[in-house]
Amino acid sequence: MQTVAVGWQVYEITRNPLDLGLIGLSQFLPFVLLVLPAGHVADRSDRLKVLAGCYALELVCALLLLAFTLAELAVAWPVFAVMVLFGVARAFSMPAGQALLPNVVPPALFGRAVAVNSSTWQLSTIAGPAIGGLVYLAGAEVVYSCVAALLAAAVLLMAGVRAPRPERSGEAVSLDSLLEGLRFVVRRKVILGAISLDLFAVLFGGAAALLPAYASDILEVGPGGLGLMRAAPGVGAALVAAALAWRPLTRRVGPAMLWGVAAFGAATVVFGLSDSFLLTLVALAVLGAADMVSVYIRHMLVQLETPDAIRGRVSAVSAVFIGASNELGDFESGVTAAWWGLRPAVVVGGVASLAIAGIWARAFPALARMDRFPQPR
């Protein structure tokens, strides 16, 4: 909900697609600076408390956006400042959240748990943007009030979560310990290939930041239509996640990931060329479904290959790649749209994702040949 409101509000203020990219960049910079130390925090601290604190900080962000809206903000830079604070919260929440799941789920059920966890997230990405776009018709302040209320509920709900506390390393904080997760990823070529494939495919092919401009200038469907466009990838992803929860992927996982990225690129090209709102929604749904395959396989690989003592730090490295692909990808989309126009920026990005799938199949042959997931460590 907040993502839709921030994107639409900023574009209404500036009418500049570059500023849509700056929303992503303002979240990415603090994220990339803090996420490796945040991974160390996840390995040394109570992951539940870290998550609750991050949700509380996100609540503060929502309240600040509400205050700016009530003050009838006429410039965009205060919104970017709040997005920096939001990036700080995400830097600490992603490693802790990713590392927590194996602590509360039996190994035999982990594959299904990943799919169910992804499904619940995708359900929020379906309902959230659609509701956010509709509620925005009543005013941005109504959206931010709803977001603040839901985040306050999240903080309270986290207080009721119980999980066993695995042994924590007593290793002192040092540059060497901070980089342990990065060294682990570099040594495991299959993991490196999987997370870097996702990074570059979404970095060049992701076009989510440009949806407000598409909704306003090309399709002319308003904030309600923007909400549906934001929700469409979540619909596709949720359907695939539900299928994976019912029947987890167990064979030919490497080729499935590469074909998923190729489908992501092809759907992005169709979206970029479409003048039809219905075709756009279908292309975005296919895009989300293909991306879900990649997300599922990457998450399974990272968690199953990683010892719990360094799981937070390895999850932090994975989160850097995810953050770079999403927030930095948003900035890249804004820059290329400002240079070339909306359509060329999206179409070229989709073609780049298709090319990346082929290049990675040759660069990481172990990933391309991988048949089964590894046994839990």
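Brief notes about the overall build of the chain
Then, number 1: Helix and strand counts for the chain stand at 16 helices and 0 strands.
Then, number 2: By the compact-globule yardstick of 21 Å for 377 residues, the chain fits well, its C-alpha radius of gyration being 20 Å.
Then, number 3: A principal-axis box enclosing the C-alpha atoms of the chain has dimensions of 50 × 45 × 40 Å.
Then, number 4: When burial is assessed residue by residue, the chain has 56% of its 377 residues classed as buried.
Then, number 5: Within the chain, counting contacts between residues at least 6 apart in sequence, those at least 24 apart form 87% of the total.
Then, number 6: Split by element, the accessible area of the chain, about 15600 Å² in all, is 70% carbon and sulfur.
Then, number 7: Here the chain contributes 25 positively and 22 negatively charged side chains, and the mean placements of these two sets differ by 13 Å.

Here we look at the side chain of S196
Then, number 1: Along the chain, S196 turns up in helix α9 (residues 189-205).
Then, number 2: Beyond its immediate chain neighbours, meaning those up to four positions away, S196 contacts F321, W360 and F364.

Some remarks on the packing of aromatic side chains
Then, number 1: For the structure shown, the criterion picks out 4 aromatic pairs.
Then, number 2: Where F200 meets F204, the ring centres are 6.4 Å apart and the plane angle is 15 degrees; that geometry is what we call stacked. Of this pair, F200 and F204 are both found in helix α9, 4 residues apart, which corresponds to roughly one turn of the helix.
Then, number 3: In this structure an aromatic cluster arises from ring pairing among F200, F204, W360 and F364.
Then, number 4: The ring of W246 has R247 sitting right over it, with the charged end atom 4.9 Å from the ring centre.

Remarks on the packing of helix α1 (residues 2-14) against helix α6 (residues 140-159)
A packed helix pair is summarised by two numbers, namely the angle formed by the two axes and the spacing between the axes.
Then, number 1: Taken N-terminus to C-terminus, the directions of α1 and α6 make an angle of 150 degrees; their axes are 9 Å apart at the nearest point. As the angle between them shows, α1 and α6 are arranged roughly antiparallel. Taken as a pair, α1 and α6 cross one another with a handedness that is left-handed. The segment α1 lies against α6, with Q2, A5, V6 and Q9 engaging A140, V143, Y144 and V147.

So, the nonpolar core
Then, number 1: V6, M229 and F271 are the most contacted members of the largest nonpolar core, which totals 50 residues.
Then, number 2: With sequence-adjacent residues up to four places away left out, F271 is seen in contact with A207, L211, Y214, M229, T280, A283, L284 and V346.
Then, number 3: In this structure, L197, A245, L304 and W360 belong to the second largest nonpolar core, which totals 44 residues.

Looking at helix α8 (residues 180-187)
Then, number 1: Buried residues of α8: G181, F184 and V185, and no others. Down the axis, α8 shows its buried residues gathered within 95 degrees of arc, on one side only.

The rules behind the values
- Residues numbered from 1 in each chain as written.
- Predicted model: local features only at pLDDT ≥ 70, side-chain atom pairs only at ≥ 80, totals over all residues.
- Heavy atoms only, no water.
- Helix = DSSP H or I, 4+ residues; strand = E, 2+ residues; numbered from the N terminus.
- Rg over C-alpha atoms; globule rule 2.2 N^0.38 Å.
- Buried < 20%, exposed > 50% of the residue type's maximum accessible area, 1.4 Å probe, protein only.
- Contact = heavy atoms within 4.5 Å.
- Areas by Shrake-Rupley, 256 points an atom, 1.4 Å probe, with all protein chains shown as cover.
- Lys, Arg positive; Asp, Glu negative; His and termini not counted.
- Charge placed at Lys NZ, Arg CZ, Asp CG, Glu CD.
- Phe/Tyr/Trp six-rings, centres within 6.5 Å; stacked < 30°, edge-to-face > 60°.
- Lys NZ or Arg CZ within 6 Å of the ring centre and 35° of its normal.
- Axes fitted to C-alpha atoms, helices over the stretch in contact; angles between N-to-C directions.
- Parallel < 35°, antiparallel > 145°, perpendicular 65-115°, else oblique.
- Left-handed = near helix turned anticlockwise from the far one by under 90°.
- Core = buried A, V, L, I, M, F, W, Y, C linked by side-chain atoms within 4.5 Å.
- Arc of directions from axis to C-beta.

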